[in-house]
Amino acid sequence: MKKTIITISRQHGSGGREIGKRVAKELGIAFYDKELLTRAAKESGISEELFQSNDEKPTNSLLYSLSMYGNTMGLYDMPLNDKLFIAQSKTIQNVAEKGPCVIVGRCADYVLRNKPNVLNVFIHSDMESKVRRVVEDYGVESDNVVELINKTDKRRANYYNYYTGMKWGRAENYHLALRTDYIGIDGAVETLIRFIEAKNAEMEKEAAEAK
């Protein structure tokens, strides 16, 4: 349990964040979701408000207007979201170097693609289950929930596709995909932990054989 880094990509309402948080707690390792934005702001010197307001959004030409935020990190020489992505990526690499952890979203699978001890997971579900979770667990009013879910997933897909050159949700980009309307949150947590155990055992075996 001391080796593996888990990245979680997720459809909105699929329970990906909850799964990641529970897995991290079960394994006694760090969990990062929006916590990454706070760390990235501190490490880069860029306003946390900028990270929050542009979280998982691809480049937008309107973001060139930065005079109110100062010229931190040479922000004038490229779109703001590109600068934020670079700073956030450095933070992801930094937390991964510190030890095992669970990282939700923000192209972490791509950022850490060259590390051998990373497991990339995609969490998805049918629309009915996602709507129910968004309404009941997230406290969102039922009107236009489907539209909200589709817009959120489209934004995440655009962000991922833009910065990675890959397709968000495509099976070949992940080591494991879990559909929570079939397996449930508890089942997803249990399955993922077993998957991590198997990965760690294989890494230990390879290390022993290399001696």
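As shown above, the structure is provided for reference.
Residues numbered from 1 in each chain as written. Predicted model: local features only at pLDDT ≥ 70, side-chain atom pairs only at ≥ 80, totals over all residues. Heavy atoms only, no water.

A. Examining helix α2 (residues 35-44) more closely. For α2, the set of buried residues is Leu-36, Leu-37, Ala-40, Ala-41 and Ser-44. The buried residues of α2 all sit within an arc of 135° when viewed along its axis, so they share a single face. Buried residues belonging to α2 abut β2 (30-32), α3 (48-53), α4 (80-98) and β3 (101-104). Taken from the residues just after α2, Gly-45 is the one with a positive phi, measuring 85°. (Buried < 20%, exposed > 50% of the residue type's maximum accessible area, 1.4 Å probe, protein only. Helix = DSSP H or I, 4+ residues; strand = E, 2+ residues; numbered from the N terminus. Arc of directions from axis to C-beta. Contact = heavy atoms within 4.5 Å.)

B. Structural detail: the packing of aromatic side chains. For the structure shown, the criterion picks out six aromatic pairs. Both rings, one in Tyr-162 and one in Tyr-163, keep their centres 4.7 Å apart while their planes meet at 85°; by these two values the pair is edge-to-face. For Tyr-162, a relative accessible area of 46% translates into the label partly exposed. Through a chain of ring-to-ring contacts, the aromatic side chains of Phe-85, Tyr-159, Tyr-162 and Tyr-163 assemble into a single cluster. (Phe/Tyr/Trp six-rings, centres within 6.5 Å; stacked < 30°, edge-to-face > 60°.)

C. Representation of unusual backbone geometry in the model. Notably, Arg-106 is not glycine yet its phi reads approximately 60°, a positive angle. You can see Arg-106 is positioned in the loop between β3 and α5 (108-111). Looking at Arg-106, the relative accessible area reads 1%, which means it is buried. Located in the positive-phi region is Cys-107, a residue other than glycine, with phi close to 60°.

D. Representation of the side chain of Asn-120 within the structure. Following the sequence through the fold, Asn-120 ends up in strand β4 (residues 118-124). Judged by its relative accessible area of 9%, Asn-120 falls in the buried class. A distance of 2.7 Å separates the side chain of Asn-120 from the side chain of Thr-7, its partner in a polar contact. Sequence-distant contacts of Asn-120, defined by excluding residues within four places in its chain, comprise Thr-7, Asp-109, Asn-173, Tyr-174, His-175 and Leu-176. (Polar contact = N/O pair within 3.5 Å; in protein donor to acceptor, adjacent residues only side chain to side chain.)

E. Up close: the pattern of salt bridges. Inspection of the entire model under this criterion finds 16 salt bridges. A salt bridge links Arg-39 to Glu-43; the nearest nitrogen and oxygen atoms lie 3.9 Å apart. In this pair, Arg-39 and Glu-43 both sit in helix α2, four residues apart, roughly one turn of the helix. (Salt bridge = Lys/Arg side-chain N within 4 Å of Asp/Glu carboxyl O.)

F. Region of interest: helix α7 (residues 145-164). Between its first and last C-alpha atoms α7 spans 28 Å; for 20 residues at 1.5 Å apiece the expected length is 28 Å, and the two agree. Within α7 the residues assigned to the buried category are Val-145, Ile-149, Thr-152, Asp-153, Arg-156, Ala-157, Tyr-159, Tyr-160, Tyr-163 and Thr-164. Within α7, the buried residues cover an arc of 160° as seen down the axis, which keeps them to one side. Those residues of α7 that are exposed and angled more than 90 degrees off the buried face are Lys-151 and Lys-154. Its buried side turned inward, α7 meets β1 (5-10), α4, α5 and α6 (127-136). After α7 finishes, the residue Gly-165 shows a positive phi value of roughly 75°. (Expected span 1.5 Å × (residues − 1).)

G. Structural context of the environment of Leu-36. Position of Leu-36 among the secondary structure elements: in helix α2. Linking Leu-36 and Ile-92, residues 56 residues apart in sequence, is a C-alpha distance of 7.3 Å. With residues up to four places along the chain from it excluded, the contact list for Leu-36 reads Thr-91, Ile-92, Val-95, Ile-103 and Arg-106.

H. Highlighting the sheet that holds strand β5 (residues 176-179). An order of β2-β3-β1-β4-β5 is seen for the five strands of this open sheet, with the pairing classed as parallel. The open sheet terminates on both sides in strands that have one partner only, identified here as β2 and β5. Recorded for the sheet is a direction-independent mean angle of 20° between the axes of neighbouring strands. Note: β4 against β5, four bridges, orientation parallel. Paired with His-124 across the bridge in β5 is Arg-179. (Pairing = 2+ DSSP bridges. Axes fitted to C-alpha atoms, helices over the stretch in contact; angles between N-to-C directions.)

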